[in-house]
Structures are given as structure tokens and as C-alpha cells.
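Survey of secondary and tertiary structure
Residue-level listing of the chains:
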Amino acid sequence: MPLVSTKQILEEARKKSYGVGAYNVNNMEQVQAIMAAAKETQSPVIIQASRGALRYSNFTYLGYLMKAAVIEGFDIPVAMHLDHGNSLESAVEAINLGFSSVMIDGSLLEDGKTVSTYDYNVKVTNLVVEYAHARGVSVEAEIGTLSGIEDGVGSGKIHLTDPYEAKKFVSETGIDSLAIAVGTSHGAYKFKGSVNLDFNVLKKIRSLIDIPIVLHGASSVPKELINEVNKYGGRMMGTSGVPISSLQEAIKLGVSKINVDTDGRLAITAAIRKVFTEAPDKFDPRDYLGPARTALTNLIITKMKDFGTAGHAKDYFPLSLEDIKRQYNF
Ligand code: G3H
Ligand code: 13P
Ligand code: ZN
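So, a few notes on the structure that sits alongside this text. Quick caveat, the model's predicted, so the values are computed rather than measured.

Considerations on the coordination of the zinc ion (ligand 3)
Coordination of the zinc ion (ligand 3) by the protein comes from H84 (NE2), H186 (NE2) and H216 (ND1), over a distance range of 2.1 Å. In primary sequence terms, the donor set of the zinc ion (ligand 3) follows H-x101-H-x29-H. Of this pair, H84 sits in strand β3 (residues 78–85) while H216 sits in the loop between β7 (213–215) and α9 (223–231); the two residues are 132 residues apart in sequence, bridging distant segments of the chain. Per residue, the accessibility class of H84 equals that of H216, and both read buried.

With respect to a negative patch on the surface
On the surface, a cluster of negative charge is made up of E89, E93, E110 and D111. Along the chain, the position of D111 falls in the loop between β4 (101–104) and α6 (118–133). When its relative accessible area of 38% is taken as the criterion, D111 is described as partly exposed.

Some points on unusual backbone geometry
Leaving glycine aside, a negative phi is the common case for residues, and trans is the common case for peptide bonds. Not every positive phi belongs to a glycine, and N58 is a case in point at roughly 60°. For N58, the location among the structural elements is in the loop between α3 (51–56) and α4 (60–72). In this structure, N329 takes a positive phi of about 50° despite not being glycine. Overall, N329 belongs to the exposed group, its relative accessible area being 74%.

Re the site of ligand 2
Of all residues adjacent to ligand 2, which total 15 residues, the nearest are D83, K190, S219, D261 and T262. Here an oxygen atom of ligand 2 sits 2.6 Å away from a polar atom, N or O, in the side chain of S219. With respect to ligand 2, the side chain of T262 contributes an N or O atom lying 2.6 Å from an oxygen atom. Out of a free accessible area of 300 Å², ligand 2 has 98% covered by protein chains. Listing elements by their share of the shell around ligand 2, those giving two or more residues are β3 and β8 (255–260). Here the shell around ligand 2 is built from residues that sort into two nonpolar, ten polar and three charged.

Quick look at the pattern of salt bridges
Under the definition given, this model contains 16 salt bridges. Salt-bridge contacts for E12 lead to K16; the nearest nitrogen and oxygen are separated by 2.9 Å. Here E12 pairs with K16, and both are found in helix α1 (residues 6–16), just four residues apart, close to one helical turn. Residue E12 is classed as buried on the basis of its relative accessible area of 14%. The shortest N-O distance in the salt bridge between E278 and K274 comes to 3.3 Å.

A word on a nonpolar patch on the surface
On the surface, L319, I324, Y328 and F330 cluster together into a nonpolar patch covering about 510 Å² of accessible area. Here L319 lies in the loop between α12 (285–306) and α13 (321–327). Given the relative accessible area of 43%, L319 is considered partly exposed.

Considerations on the sheet that holds β4
Strands sit in the order β1-β2-β3-β4-β5-β6-β7-β8 around a closed barrel of eight strands; the barrel is parallel. Shown here is a sheet whose adjacent strand axes are inclined to one another by a mean of 25°, direction ignored. Pairing between β3 and β4: three bridges, direction parallel. Pairing of H81 across the sheet is with S101, part of β4. Of the strands in this sheet, β3 and β4 are in contact with helix α5 (residues 88–96), which crosses β3 at around 160°. Here helix α8 (residues 199–208) sits on the sheet and contacts β6 (177–180), β7 and β8; the angle it forms with β7, its principal contact strand, is near 155°.

Definitions and cut-offs
- Residues numbered from 1 in each chain as written.
- Chains lettered and ligands numbered in written order.
- Predicted model: local features only at pLDDT ≥ 70, side-chain atom pairs only at ≥ 80, totals over all residues.
- Heavy atoms only, no water.
- Donors = N, O, S within 2.8 Å, 3.2 Å for Na, K, Ca; no water.
- Helix = DSSP H or I, 4+ residues; strand = E, 2+ residues; numbered from the N terminus.
- Buried < 20%, exposed > 50% of the residue type's maximum accessible area, 1.4 Å probe, protein only.
- Patch = residues over 30% accessible without salt bridge, like charges linked within 9 Å, V, L, I, M, F, W, Y side chains within 5 Å.
- Areas by Shrake-Rupley, 256 points an atom, 1.4 Å probe, with all protein chains shown as cover.
- Salt bridge = Lys/Arg side-chain N within 4 Å of Asp/Glu carboxyl O.
- Lys, Arg positive; Asp, Glu negative; His and termini not counted.
- Charge placed at Lys NZ, Arg CZ, Asp CG, Glu CD.
- Near = heavy atom within 4 Å.
- Polar contact = N/O pair within 3.5 Å; in protein donor to acceptor, adjacent residues only side chain to side chain.
- Nonpolar A, V, L, I, M, F, W, Y, C, P; charged D, E, K, R; others polar.
- Pairing = 2+ DSSP bridges.
- Axes fitted to C-alpha atoms, helices over the stretch in contact; angles between N-to-C directions.
- Contact = heavy atoms within 4.5 Å.

Taken by themselves, the reported measurements are silent on function.
Here it is in C-alpha cells:
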């Protein structure tokens, strides 16, 4: 298929109560791994690039790799999404590059660090919605802020989403999906002690708004991956993430889009470190980027099954080529 919007993917997921992972990309191997997993499990998929990732690739390169996924994955519904757009300009850039969906994260100012006012958030979101909707592109926005600081996407402060503010925000902006803060956090070092997602806040938001809900900072940071990274010379201590059981509970309570970047980074790093440790004579990038791509594919296959996305690509194509031929006795 065809490129689809996240609005289409998430409304479909909401109807059937499953979650769709949105996986971050920076390079060809990541794009290919996501598509391999989507094909293997027959899942619709959201491929997302952050501003940092687009900058790193000089925009056009990553944009075209994502487009290649859309073309090559012809029987998989794919959305191309801008993650954490910080301004009207960043959204326009992505839309002009052919993205079908953008996030405007107006919960922070353009520096990506300073918590903004509600009025600022509404204003910048309105601008993006106006531009995007006129071009058939869907818009995700955020209300509340996550803790955890990534490259230009975090204040380090937690402001759980106020459900009534969320309701007002949705009606004042006309967005297609809403990212909320219920205790998750970006990166590999998410929580001190145990994870505590506020499911009551989530339930309240779900009861007040009628658009798909997005959970950022949703990597599980599996111990096995951290152990693997450390076994091959890494030094990652005191990490923790959101257990899959909490994500499944969140999906049950109404979350449709689940943002995953860190777990993919860990899978790639572990695989590359393993090659460098076990075969220090290797120097062809394909010898370590290939295993990294396979490790990422396997990770995403598991997530697609765990989130319930697996098997739902066919919902977009009620008739296969064989069905059509049969129907016309061809
Ligand atoms: O939420 C942030 C994503 O993990 C993207 O991170 O800005 O370092 O590409 P990045
Ligand atoms: P993680 O750091 O938990 O993978 O979150 C990624 C994310 O929210 C991308 O927008
Ligand atoms: Zn995020």
C-alpha cells in the first residue's frame, strides 16, 4: 500500500483495540528491519523520524529511505511520521518531504527543553493543524510533559496530563491524536525503583476525549538486552523501562500508538558490540550492520505480537489478488 496517515492507522487500531508501535529510524538498516518485521507479522506500521534524525541524514536521505519502505512494502500500510516536531517550520519541512503525519510538540518551546504555556501550545498546534489538514496529513500533539531528557526532546520535569486540560486542548486544536504524560519517560534511564504509570489519569483522559491516545517513552529496556550490551564491553547501569504488561494494560485502557526508540538502539548496540568482541578482525560494515538489522527485526516482531498489531495489515485489503481473480473467474 500505500502511504497512509496515522489517523487512519490509529482509528483502525482503536476500533479493534490493539496498539501500533511507532518505531524511530535514523538509517537504512532500521527502516529495513521495521519493514521486515511488519511483513513477517503482517502488521500496519508507523515509521517515525525525529528532528535530530532528519538533521543527521540531511533530511532528504532519510525521507527517501522511508519512502522506499512505502514502495517496497506494497501490501503493508505504512505511515511516515515526524516525531517531536518543535515548530510550524519543522512540520512544514516534513510535510514537504512527503510525510503523512507530523507531531507538533508544543508542550515545550522551540528549544525542546523549556516547558511552554497552555496558550503557546494551542497556538503552535493550531498553525500546524491548519497547514497539515489542508494537505491530508494528520497531526499528533502533546499535553503534559514526560521526565527524561533526550536530544532536544525533554525538560527533565514531569507534568502529568490534566484530563480536563486535555479535553479542552483537543477541542481547541482539532488534532488527530494526543500524546499524554502518565509517568513514562524517554531514554534508557526511565525510573528510579519500580515503574508507576498512572492508569487512573489514563482512564479519565480516555473517558473525556474521543481521539487516539499516544504513549511516548514506551521502551521496555529489557534486562536481557542491557546484559548483552554489558557482556560485550558496554557500561549501562541502573536502567529500567516500561514492562510489556503495563503497555498491554495501557492498550486495554485506550492507548493506540506506542513510541519505541530506545529498545531498538539497545538491540542494535548489543549486536554490533557482539560482533566487535567475537570477531575483532571484521571491518566490513555489512558484517556488523547486518546482524544489527536482524536483531532489530526480531525485537520488533516480538513487539508487534505483544501490542496486538500482528495480522492486521490484511484489514486494509479485504480482497487479496487471488480473491479478486476468483471473484471474476479470471
Ligand atoms: O523521543 C525521542 C526519540 O527517542 C528521538 O530521539 O531526538 O535523539 O532522535 P532523538
Ligand atoms: P523511548 O525512549 O522509551 O524509546 O521513547 C521513544 C519516544 O518516545 C519517541 O518519541
Ligand atoms: Zn517521544
